[in-house]
Amino acid sequence: MTTAIKTTTATRADSNLASIVAVFVIGATLLFSAGLAQATALHDAAHDTRHAMAFPCH
Amino acid sequence: MLKHMLSGGIIAGAVAGAIAAALQFLFVIPLILEAELYESGARVHFGAGSPQSPAGAPPLGDDWARHLMTVGFDVVAYAAFGLILTALMALAARRGVAVTARQGVIWGLAGFCAVQLAPAIGMPPELPGTINAEVVPRQIWWGLTIVSAAAALALFAFGRGVFALVAGAALLLIPQIIGAPHLDTYFGVVPPELSALFAVRSLAVGAVGWAVLGFLAAWLWERGEG
């Protein structure tokens, strides 16, 4: 019984950690596309945001 | 938990991004448009032997597509920061740190210090037309400086003992001592007064945006956990 509870807690903790990592990675990917990606269309569209937020732009 | 974190980060980011965008259009975007007059050569500072050039920003104009993009990307950028901040808050909560809305403001201001203030020491916010070193090495220095400053602030906040303080101080100092990639020449395309105003205003708007982001991200996190 105790083992079962422990296992459940551990599994939940692992899935929480996986969620944290997933959210972090989604945020970082979004940040890269909005702030750093050099594709011309993306750069032009994000131009004023990048300058106003002091991302290294060009 | 995943859904709760995603919605919290994105909602906090959308609101903070919208507030930051409104402040940018009041205080920052006019300076960008004014600088573009120097970038395009419509105005020339120190041109024709005169040290003077006319001051004054052009009107925002009717380029709605451009301005809408700016609002959109502000929201996307702040949502990205909101997701990262929420993930870090969740990580701290896992380790027994209480994350409340009030403390969220401090989280947000710490984010501002790491993401905007620390890299600005080596690479001040730049107006269009500024001539500078190649972009990719500067982006690398920018990214490493942010990670290093964030780690330093985490050590200050959650570390124990003198070692954490010394390591944190070293992490803050090393990128600045190495220095950002830069050129050996000044070009000064836009007047220094305009550059100075822009640098300070964009940092100030960033500080407001980050404080709002931290407050909202922590508040939404707290609500979801409660």
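The structure under discussion appears in the preceding block.
So, a few notes on the structure that sits alongside this text. (Residues numbered from 1 in each chain as written. Chains lettered and ligands numbered in written order. Predicted model: local features only at pLDDT ≥ 70, side-chain atom pairs only at ≥ 80, totals over all residues. Heavy atoms only, no water.)

## Points about the packing of aromatic side chains
Each aromatic ring pair is characterised by the separation of its centres together with the angle its planes make. In this structure the tally under the stated criterion is five aromatic pairs over all chains. Seen in terms of ring centroids, Phe 55 of chain A and Trp 142 of chain B are 5.2 Å apart; in terms of plane orientation they differ by 85 degrees. Their pairing is edge-to-face. Separated into two different chains, Phe 55 of chain A in the segment after helix H3 (47–52) and Trp 142 of chain B in helix H5 (residues 135–158) make up a pair that spans both. As far as burial versus exposure is concerned, Phe 55 of chain A and Trp 142 of chain B are alike and both buried. Each ring, one from Trp 107 of chain B and one from Phe 158 of chain B, has its centre 6.0 Å from the other, and the planes form 40 degrees; the classification is tilted. In this pair, Trp 107 of chain B is assigned in helix H4 (residues 101–122) and Phe 158 of chain B in helix H5, connecting sequence segments 51 residues apart. (Phe/Tyr/Trp six-rings, centres within 6.5 Å; stacked < 30°, edge-to-face > 60°. Helix = DSSP H or I, 4+ residues; strand = E, 2+ residues; numbered from the N terminus. Buried < 20%, exposed > 50% of the residue type's maximum accessible area, 1.4 Å probe, protein only.)

## Topic: the interface of chain A and chain B
In this assembly, 30 residues from chain A lie in contact with 40 residues from chain B. Across the chain A/chain B interface, buried area totals approximately 3,200 Å², and carbon plus sulfur atoms make up 73% of it. Taken together, chain A and chain B are joined by one salt bridge. Here Arg 66 of chain B and Asp 48 of chain A are joined by a salt bridge, their closest N and O atoms 2.8 Å apart. No other element matches the 15 residues that helix H1 (residues 2–36) of chain A contributes to the side of chain A that touches chain B. In the side of chain A that touches chain B, the residues fall into 21 nonpolar, eight polar and one charged. (Contact = heavy atoms within 4.5 Å. Buried area = accessible area lost by both parts, 1.4 Å probe. Salt bridge = Lys/Arg side-chain N within 4 Å of Asp/Glu carboxyl O. Nonpolar A, V, L, I, M, F, W, Y, C, P; charged D, E, K, R; others polar.)

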